[in-house]
Amino acid sequence: MILGGAVSAQETSGTIFGRAPTGDNESIQLSGGNMATREIAVKSGGRYSFSQLPVGTYTVKLLRSGEALDSRTVTVSAGGGTQVSFADTTAAKQLNGVTVTATTPPIDTTQTDVRTTLTQKQMQALPLARSAEAVAMLAPGVVAGATATGFAGPTGNSLISFGGASVNENAYYVNGLNVTDPVNGYGGLELPYNAVAEQQALTGGYEAKYGRSDGGVINQVGRTGTNDWHYGAQIQYVPEDMSGNPVNTYYPSSSIYSGQLYRERSKNKSWDQDISAYVGGPLIKDKLFFFLDYEVARSAGQSTSANTSGAQTDKYNYHDPKYYADVLWNITKNHSIELTAAGSKHNYDGNLYNYDYSTLSQGSYISPDTALRTSTNLWTAKYTGHITQDLTVTAQYGRQVTQYGQIYASDPSEIAVLNSGYENPAYTNGVTGGYSNPLQQLTSVANPNNKDKSSNYRVDLTYTIGDHTISAGIDNLNSQDIDDGQSMYANAGYAWDYGTATPGVPFQSGYVTGPASGYYVSQYRYNTSASVRVAQRGQYIQDAWQATDNLLINLGLRNDQFTNYNPSGEAYLRQTKPQWAPRLGISWDVFGDSSMKVFANAGRYYLAMPAAPALRAAGASLYSLTYYTYTGINPTTGAPTGLEPMDTADGKGVPYYANGENGVAPDPKTVAAQNMKSEYQDEYILGFEKSFAGDWVFGTKFTYRSLKNAIDDWCDTGSGGALLTAAAAEGYDTSKESPSGCYLMNPGRANTYLVPNSSGGYDSVKVSGKQSGLPQLRRNYYAAELHLRYAPVNGKLMLDASYVYSRSYGNEEGQVDSNAGTNSSPGQTEAWDYAQVMNYANGLLPNNRSHVFKVFGTYQITPEWMVSANLMMASGMPMDCYGAYGTGQTDPIGYGNEAYHYCGGSPSRPGDAGASSWIHPLGLNIEYRPDFAKHRLAFNIAVFNVFNEQKGQQYYSYLGLYNSVKGQAANALSDPEYGMPISYEQPRYVRFGITYDY
């Protein structure tokens, strides 16, 4: 093996390296791509290396006294090393020339990380949805996230899980810039599909230059102009009539509505269209290049809501344009500047109609639906300088702005009704799902002025000295969430929320007692509005050390600092002490010819809290519930009648403030525990790859990940709670203390809290894990992977197959709660709030799929015809059951009868309720490129989910109360939707495409 040299920051470029004769006047010349021709001398020992090369095709020549002896054309991938070696000096003298002895071996022994890379050509050839996540899903260990409860990226993109991590622990990069959603960590900006030169999914073992990810990294490298002109256009269309009909959803047999139609989905279909065009080339040959791409995706269809009195059909359309522009200026052959701009918009409009479930037909027009207008724009500038043959410097700065907008059409005089399924059936006249308000579907709405900004600047230096290639740099990211938050839409300032409780049993931490009927309604008020920010700083150093000819050792160290600020600009979470993240990677070229590699990796990875938690934890948020009994329900509006305020601990009709959120901003010193540690994870990887029969490669890999620390909120701070009990044990007078609600803390550890006292100061109270009643934090992931690939440079067949057996288990999913979905914020889930919600919480985590097989590939039948396929077979996702607490089915903390790991009075760990079905989606594609058009024109047909399999994937997991005497089906207090699918596989659809590339 030969040292390949380091690659540029965030993997936007690669390296060409090898050996060459060391006689008189020998040098290596490199040309091609969009760079000026470079020439370097061969070092002692015959080594040479070109680093910081943009993705593209290059010609490598061996020169003697300026005369070309031989050459080879090769392709460079981002983050990869391409080996080109020439014969030794003796052979060169005998032949008066040289022979290429190795080019692009099938195993890259310069990489110690784990990645899957797809080129633009492969992305176009395979039957894939046109998204970064669909491409990343080809990588072993990557699965679709459990997002049916509402998670999605800012522009509607789907979310995925890497190696058992939650869906917001991934990092997204575009041309070296971090473009991850700064508010929640939900995905990131994606380039137009045809503008991507390469996309990488880094699934583990990445070097110290990468940070802020406990999951994986999606790295997109955009296309650039070259000395050759390229332009093209593409249209793809998915007709509605050729798509499979979605299956309907019925209430499960355990429900009081057993077998009845819950949601009519068979007409929920759409057509989709994607039109794109691009052009790129030289403005000045060898000096100035550009590339432009524009894409517009459109979709229109309908969606019918669930079977309630206010059922509706939404006739909708989406209009989602994307753009990409890149300019590269080679100031000299050793210095260049690249400017990039990219953006996307997500526009939604709809019209609402009544829907009659008795006739399964659309009714009269109601109103426009809330229109969505979201846009993200990015620009970045990057300088690359080859100061000497051994020293390279890159500097980059970029800004990203996302603007959120909504256009509301509902009548604000109407009041929304929540959880109508919990209405007293004595007042619903047998209406399935109860009475809702069809004229008001909006509860709380976003601030129309909301936007977020982020800026990322980094400087990286790479220096080669002897057998060491040393890289060092800074990586700073600032993000702002401006005018974010939610407020009640109705003029009345509240919504009606129906619920059930055990008669005579206190709930909401004893604040209110269940009424005699078991049914109540609360007046729900919610308001958050704030501007917050997060500052993240990072420094790293990395040494790629060629310890021997066959052994490469990557030694790295990263230090991250995170500071989160409240709406007043005060730091409420400061993690600026050194957070050392060591990285070690080893690659052993066993035989010295890149035919077998043994590799290992160990590393620590830190992750900051995103901006969103500050809106509630550190802002002046309001979350109140005022409880009533009722004697009737208005069948038109769903509003309760005959209201009677319920007695509470503070008096009849006094609101309950959930989590202490009473509309007053908390003291920043009482928002978080003292000296908290950031979330971090340790990872260990061991594997090997072996080539055989030419370009076939077989390998295996073992991965172990362990989450060592996390951040969440803890709310056991009220009278009689664990915080004041610990304070009393330390001798404090708790009658003079006034905790301000929930605290952010490190779950499963001892934490120290500042508790306000009547003297205007603070009492420092240390609460051990035992005193809190909380278990030790646990999230472990282990995986065994087998993979096989075949990808000759100019072969007809490309094949990639993998199998992963894995388990993701513990009591901590990560920063999100997939079961609660958007009802929780990152770092502010219901988990860890009280000891009771953590009883029996250890089990299989939501993104666990124990067995996953993936096979994809292409076959060039003739120069005109190509076929491709993409198959995934995966075991199901774990199913959970949440109910009331303990054998007595109580609600000791006031979180409702669906908050605990009990099912009908028996303990129920995550996954104990079973698992969803295996899935086997198969995609096929055929492409025709006629000779008469010189293969520039292409016609293709792709079929997705060929067998129209529509298995349920994620299931509603909230049971509520259960009466074993009556039987679950007869118990009106149980949630009628428990055990019902809330997401399915997408039905079969057919996509037609026409492409022209020049």
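Just so it is clear, the structure is predicted and the values come from calculations on it, not from any experiment.

Things to note about the overall build of the protein chain
Within the protein chain, the secondary structure is distributed over six helices and 62 strands. Its C-alpha atoms give the protein chain a radius of gyration of 30 Å, within 12% of the compact-globule value 30 Å for 998 residues. Expressed along its principal axes, the backbone C-alpha trace of the protein chain runs to roughly 105 × 70 × 45 Å. Evaluated residue by residue, the protein chain yields a buried proportion of 59% over its 998 residues. Taking contacts inside the protein chain between residues at least 6 apart in sequence as the whole, the part at least 24 apart equals 71%. Carbon and sulfur atoms form 53% of the exposed surface of the protein chain, whose accessible area is close to 36,900 Å². Between the centroid of the 67 positive side chains of the protein chain and the centroid of its 86 negative side chains there is a distance of 6 Å.

As for the sheet that holds strand 12 (residues 171–174)
The strand order across the open sheet formed by five strands is 9-14-15-12-13, and the pairing between neighbours is mixed. Of all strands in the sheet, those bounded by a partner on one side alone are strand 9 (114–119) and strand 13 (177–178).

Describing the state of the cysteines
If you walk through the whole model with that rule in mind, you get two disulfides. Each disulfide pairs two cysteine sulfurs, and for Cys715 the partner residue is Cys742, the sulfurs being separated by 2.0 Å. Disulfide Cys715 to Cys742: torsion about the S-S bond roughly 110°, handedness right-handed. Taken together, the residues span a long stretch of sequence, with Cys715 in the loop between strand 47 (712–714) and helix 5 (722–729) and Cys742 in the loop between helix 5 and strand 48 (743–745) at a distance of 27 residues. Residue class for Cys715 comes out buried when judged on its relative accessible area of 4%. Through a disulfide, Cys881 is tied to Cys903; the S-S separation comes to 2.1 Å. An S-S torsion of about 75° defines the bridge between Cys881 and Cys903 as right-handed. Placement of Cys881 in the loop between strand 55 (865–874) and strand 56 (882–883) and of Cys903 in strand 57 (residues 902–903) is noted, with a sequence separation of 22 residues between them. For the protein chain, the bonded cysteines connect in the pattern 1-2, 3-4 when numbered consecutively along the sequence.

A look at helix 5
Turning to helix 5, its buried residues number three or more, namely Ala722, Leu723, Leu724, Ala726 and Ala727. Looking at the buried residues of helix 5, the elements they touch are strand 47, strand 48, strand 49 (751–756), strand 50 (762–767) and helix 6 (769–772). Gly731, located one to two residues past helix 5, shows a positive phi value of around 95°.

Overview of the nonpolar core
Among the nonpolar cores identified, the biggest contains 45 residues, and Trp714, Leu723, Leu744, Tyr753 and Tyr895 are the most heavily contacted of them. Broken down by element, the residue count for this core peaks at four residues, all from helix 5. Setting aside residues up to four positions removed in sequence, Leu744 forms contacts with Tyr572, Met609, Ala617, Val671, Ala672, Ala673, Met676, Ile711, Asp712, Asp713, Gly827 and Gln828. Core analysis: the second largest hydrophobic core is formed by 36 residues, Leu126, Met137, Tyr172 and Val179 among them.

Some details on the UniProt feature "domain: TonB-dependent transporter Oar-like beta-barrel" (unreviewed entry) in the protein chain
Feature annotation in UniProt places "domain: TonB-dependent transporter Oar-like beta-barrel" (unreviewed entry) on residues 313–565 and 568–884, given in this structure's numbering. Secondary structure within residues 313–565 divides into 0% helix and 69% strand; the distance between the first and last C-alpha atoms comes to 42 Å.

Concerning the sheet that holds strand 2 (residues 26–32)
Here four strands make up an open sheet; going across it, the order is 3-2-5-6 and the pairing antiparallel. The open sheet terminates on both sides in strands that have one partner only, identified here as strand 3 (35–41) and strand 6 (67–76). Looking at each pair of strands side by side, their axes are set apart by 20° on average, direction ignored. Both strand 2 and strand 5 (residues 56–64) contribute to a ladder of seven bridges, which runs antiparallel. When the bridges of strand 5 are listed, Leu30 appears paired with Val60.

Things to note about the pairing of strand 59 (residues 922–928)
As paired strands, strand 55 and strand 59 are joined by seven bridges and run antiparallel to one another. Across the sheet, residue Leu871 finds its bridge partner in strand 59, namely Leu922.

Digging into unusual backbone geometry
One non-glycine residue, Tyr840, adopts positive backbone phi at about 60°. Counting through the fold element by element, Tyr840 comes out in the loop between strand 52 (797–810) and strand 53 (843–844).

A look at the environment of Ser509
Within the fold, Ser509 resides in the loop between strand 32 (506–507) and strand 33 (512–513). Taking the relative accessible area as the measure of exposure, Ser509 reaches 40% and is therefore partly exposed. For the pair formed by Ser509 and Gly718, sequence separation is 209 residues and the distance between their alpha carbons is 8.9 Å. For Ser509, the contacting residues outside a window of four places in its chain are Tyr656, Tyr834, Pro892, Ile893 and Gly894.

Observations regarding the domain arrangement of the protein chain
Assigned domains within the protein chain: domain 1 (13–101) and domain 2 (120–222). A C-alpha centroid distance of 34 Å is found between domain 1 and domain 2. Taken together, the contacts link five residues of domain 1 with four residues of domain 2. When domain 1 packs against domain 2, close to 310 Å² is buried across both sides, 54% of that on carbon and sulfur atoms. Contact with domain 2 buries area across many residues of domain 1, yet Val55, Ser77 and Ala78 alone supply 96% of it, more than any other trio. Classifying every residue of the side of domain 1 that touches domain 2 by side-chain character gives three nonpolar, two polar and no charged.

A short note on the pattern of salt bridges
Evaluation of the coordinates by the stated rule reveals 20 salt bridges. As a salt-bridge pair, Glu207 and Lys209 come within 3.7 Å of each other at their nearest N and O atoms. One exposure class covers both Glu207 and Lys209, and it is buried. One salt bridge connects Arg789 with Glu689, and the closest N-O pair in it is separated by 2.8 Å. Of this pair, Arg789 sits in strand 51 (residues 779–790) while Glu689 is found in strand 45 (residues 679–692), placing the two residues 100 residues apart along the sequence. A relative accessible area of 22% places Arg789 in the partly exposed class. Connected through shared salt-bridge partners, Arg212, Arg458, Asp460, Asp475, Arg558 and Asp560 make up one network.

What to know about empty space enclosed by the protein
Under the definition given, this model contains 14 cavities of 30 Å³ or more. Looking at the largest cavity, its volume works out to about 250 Å³. Contributing elements (two or more residues each) for the lining of the largest cavity: strand 29 (468–484) and strand 35 (530–546). The class makeup of the residues in the lining of the largest cavity is nine nonpolar, ten polar and two charged.

Quick word on the UniProt feature "domain: TonB-dependent receptor plug" (unreviewed entry) in the protein chain
With numbering matched to this structure, UniProt assigns "domain: TonB-dependent receptor plug" (unreviewed entry) to residues 114–216. Summarising residues 114–216: 11% helix, 26% strand, and an end-to-end C-alpha distance of 10 Å.

A word on the pairing of strand 7 (residues 81–86)
Of all six residues in strand 7, six are buried, a share of seventy percent or more. Where burial is concerned, the two faces of strand 7 agree: the one with Gly81, Gln83 and Ser85 and the one with Thr82, Val84 and Phe86 are both buried. Summarising the sheet, strand 1 (residues 13–19) and strand 7 pair through three bridges and their orientation is parallel. Following the sheet pairing, Thr15 is matched in strand 7 by Gly81.

Some thoughts on the side chain of Gln396
When you line up the elements, Gln396 lands in strand 25 (residues 391–407). We classify Gln396 as buried; its relative accessible area is 7%. A polar contact is formed between the side chain of Gln396 and the backbone oxygen of Asn175, at a distance of 2.8 Å. Among the polar contacts made by the side chain of Gln396, one reaches the side chain of Thr380 at a distance of 3.1 Å.

Some words on the packing of aromatic side chains
Taken as a whole and judged by the stated rule, the model has 46 aromatic pairs. Measuring from centroid to centroid gives 4.5 Å for Trp696 and Tyr790, while their planes differ by 25°, and the two rings are stacked. Of this pair, Trp696 sits in strand 46 (residues 696–709) while Tyr790 sits in strand 51, placing them 94 residues apart in sequence. Here Trp696 falls in the partly exposed class, since its relative accessible area comes to 22%. Through a chain of ring-to-ring contacts, the aromatic side chains of Tyr173, Tyr206, Tyr210 and Tyr605 assemble into a single cluster. For Lys315, the ring lying beneath its charged end belongs to Tyr353, and the centroid distance is 5.5 Å. Here the basic side chain of Lys597 rests over the ring of Phe599, its NZ or CZ set 5.1 Å away from the ring centre.

Analysis parameters
Within each chain, residues carry numbers counting from 1 in the order of the written sequence. Confidence filtering applies because this is a predicted model: local features only for residues at pLDDT of at least 70, side-chain atom pairs given and counted only at 80 or more, and all residues used for totals across whole chains, interfaces and linings. The basis for the side-chain values is all heavy atoms of the structure; hydrogens and waters are excluded. Only DSSP runs of H or I reaching four residues or more are called helices, and only runs of E reaching two or more are called strands; each is numbered from the N terminus. As defined in this context, the radius of gyration uses C-alpha atoms, and a globule is described by 2.2 Å times the residue total to the power 0.38. Three labels apply to residues, based on accessible area from a 1.4 Å probe with only protein chains included: buried if under 20% of the type maximum, exposed if over 50%, partly exposed otherwise in between. Contacts: residue pairs with any heavy atoms within 4.5 Å of one another. Per-residue and other accessible areas follow the Shrake-Rupley method at a 1.4 Å probe size, with only the shown protein chains counted as cover for residues. Asp and Glu count as negative and Lys and Arg as positive, but His and the ends of the chain are not part of the count. A charge is said to be at NZ when it belongs to Lys, at CZ for Arg, at CG for Asp and at CD for Glu. At least two DSSP bridges between two strands are needed for those strands to be called paired. Here, the term disulfide refers to a pair of cysteine sulfur atoms separated by no more than 2.5 Å. For the purposes of this section, nonpolar cores are sets of buried Ala, Val, Leu, Ile, Met, Phe, Trp, Tyr and Cys residues that join through side-chain atoms within 4.5 Å. UniProt positions are given in the numbering used here, feature names are shortened, and annotations may be inferred rather than shown by experiment. Every angle, taken between N-to-C directions, lies between 0 and 180 degrees, and every axis is a line fitted to C-alpha atoms, over only the stretch in contact when it is a helix. As annotated, the domain borders come from an automatic or database domain assignment. Accessible surface is computed with a 1.4 Å probe, and the buried area is the amount of it that two parts give up when combined, taken over both parts together. In the scheme used here, Gly and all other residues not listed as nonpolar or charged are polar, with Ala, Val, Leu, Ile, Met, Phe, Trp, Tyr, Cys and Pro taken as nonpolar and Asp, Glu, Lys and Arg as charged. For this analysis, a salt bridge means a side-chain nitrogen from Lys or Arg found within 4 Å of a carboxyl oxygen belonging to Asp or Glu. Lining residues are those with an atom within 4 Å of a point, where the points come from a 1 Å grid over the protein atoms alone and group into cavities, where a 1.4 Å probe fits but cannot get out, or pockets, open sets with protein on both sides within 12 Å along at least five of seven lines. Grid points are joined across faces, edges and corners, and a volume is the space filled by probe spheres set on the points. Throughout this description, a polar contact denotes any pair of N or O atoms lying within 3.5 Å of each other; where both atoms belong to protein, one of them has to be capable of donating a hydrogen while the other can accept it, and for residues adjacent in sequence the pair is counted only when both atoms sit in side chains. A pair of aromatic rings is counted whenever rings of Phe, Tyr or Trp (Trp by its six-membered ring) have centres within 6.5 Å, and the orientation is called stacked for planes under 30 degrees apart, edge-to-face for over 60 and tilted otherwise. Charge over a ring is defined by NZ of Lys or CZ of Arg lying within 6 Å of the ring centre and within 35 degrees of the ring normal.

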